[in-house]
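Descriptive analysis of the structure
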There are 2 protein chains.
Amino acid sequence: MFIEIEANSAVPIYLQLAQQIIESVAKGSLKPGDSLPSVRAFAADLGMNMHTVNKAYHYLEEKEFIQIVQKKGVFIHENGVRKASELDRLRLKKELRPIIAEALCLQLSQAEIELLIQEISLDLKEEM
Amino acid sequence: MFIEIEANSAVPIYLQLAQQIIESVAKGSLKPGDSLPSVRAFAADLGMNMHTVNKAYHYLEEKEFIQIVQKKGVFIHENGVRKASELDRLRLKKELRPIIAEALCLQLSQAEIELLIQEISLDLKEEM
DNA sequence: AAGCTGTTCTATTATTAATAGAACAAGAAG
DNA sequence: CTTCTTGTTCTATTAATAATAGAACAGCTT
């Protein structure tokens, strides 16, 4: 698994880690049932603290993307890839809203915004 | 201007304020040259601190959405509505990426994601 | 028995968010 | 000229978050 952490990002590193794991699930390089490194091994590999990895894991567990099994390890949740609920859609819209507002100020058309999304989707598939 | 701050949001209130000002520019209810309330008046109106409004203003100034004129006041930047630069597009993509990744895990198709964007765009126009 | 698993506990350090009050310099308005 | 308002600056405090650190625990695997 290829994780790249930007030390000088405004995004906390535990979040960067969690987001990149989600990306791996999105692109299919991590599939439901796959195991993730232990908090210690991952921390050593990434040069960060065990507790930071743990925080990322719990963030992902709350989002139901991974499953933490006591004394066993961490696995991609069986429902890691699933159909969005209406609540999911609302949450995604809330997160997208400020970005779309900015895009509209920057005079991006609907088509241009859709192109951005397509480029991102391609990025998330090419890298398999 | 209608600003609604969610006290219990994980998004800092200075950011919520800034984002909602951007939304107003996006929907056209605030146009380049329009003046914004003074930091004191706005703070009193919203029930928050002067310094918090100031922080939102400086955040928006850095993004070139408003112009702070010494001893005069704050105005929507003449370039508040402008054509996106290539850097703008890259920044937007970086912000969109983790959300799109999550959308893909939730098995939203390209069309379904585009529908979300359309719904948001409508929201940002209807409210004029 | 040894090693590994996530968990829990206490602890420290640094940064950010938010508030508060006072004072300043400069423009506007009377 | 005086008064008010403007954004700015300064110091200060409080709370929360991020990140690190080390130790210990319970339970599974080998």
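Up top you'll find the structure we're talking about.
Description of the structure in this document. The structure presented is a predicted model; accordingly, all values stated were derived computationally and were not measured. (Residues numbered from 1 in each chain as written. Chains lettered and ligands numbered in written order. Predicted model: local features only at pLDDT ≥ 70, side-chain atom pairs only at ≥ 80, totals over all residues. Heavy atoms only, no water.)

Another aspect to go through is the pattern of salt bridges. Taken as a whole and judged by the stated rule, the model has 20 salt bridges over all chains. A salt bridge links K94(A) to E6(B); its shortest N-O distance comes to 3.0 Å. Note that K94(A) is positioned in helix α4 (residues 86-105) and E6(B) in the segment before α1 (13-27), a pairing that runs across two chains. By relative accessible area, which is 53% here, K94(A) ends up exposed. The class for E6(B) is partly exposed, based on a relative accessible area of 40%. Here R97(A) ties to D123(B) by a salt bridge, and the two come within 3.1 Å at their closest N and O atoms. Taken together, the positions of R97(A) in helix α4 and D123(B) in helix α5 (residues 110-126) put the pair across two chains. On the basis of relative accessible area, D123(B) is assigned to the partly exposed category, the value being 28%. A single salt-bridge network, built from bridges that share partners, covers K63(A), D88(A), R91(A), E95(A) and E102(B). (Salt bridge = Lys/Arg side-chain N within 4 Å of Asp/Glu carboxyl O. Helix = DSSP H or I, 4+ residues; strand = E, 2+ residues; numbered from the N terminus. Buried < 20%, exposed > 50% of the residue type's maximum accessible area, 1.4 Å probe, protein only.)

Around DNA strand D, 24 residues are found, and the nearest of them are I13(A), H51(A), T52(A), K55(A) and R40(B). For DNA strand D, the backbone makes up 59% of the atoms found within 4 Å of the protein, where backbone means sugar plus phosphate. The side chain of T52(A) places a nitrogen or oxygen atom 2.6 Å from a phosphate oxygen of DNA strand D. Elements represented by at least two residues in the surface near DNA strand D include exactly α1 (13-27) and α3 (50-62) of chain A together with α2 (39-46), α3 (50-62) and β3 (73-76) of chain B. If you tally residues by element for the surface near DNA strand D, the top one is α3(A), at four residues. Residues belonging to the surface near DNA strand D are distributed by class as follows: eight nonpolar, nine polar and seven charged. (Near = heavy atom within 4 Å. Polar contact = N/O pair within 3.5 Å; in protein donor to acceptor, adjacent residues only side chain to side chain. Nonpolar A, V, L, I, M, F, W, Y, C, P; charged D, E, K, R; others polar.)

The next thing to look at is the protein's contact with DNA strand C. Neighbouring residues of DNA strand C: 24 residues in total, closest H58(A), I13(B), H51(B), T52(B) and K55(B). Within 4 Å of the protein, atoms of DNA strand C come from sugar and phosphate in 62% of cases. In this structure, R40(A) approaches DNA strand C through a side-chain N or O atom, which is 2.9 Å from a base nitrogen. At the level of elements, α2 (39-46), α3 and β3 (73-76) of chain A together with α1 and α3 of chain B are the ones that each hand at least two residues to the surface near DNA strand C. It is α3(B) that contributes the most residues to the surface near DNA strand C, four residues altogether. The residue makeup of the surface near DNA strand C, split by class, is eight nonpolar, nine polar and seven charged.

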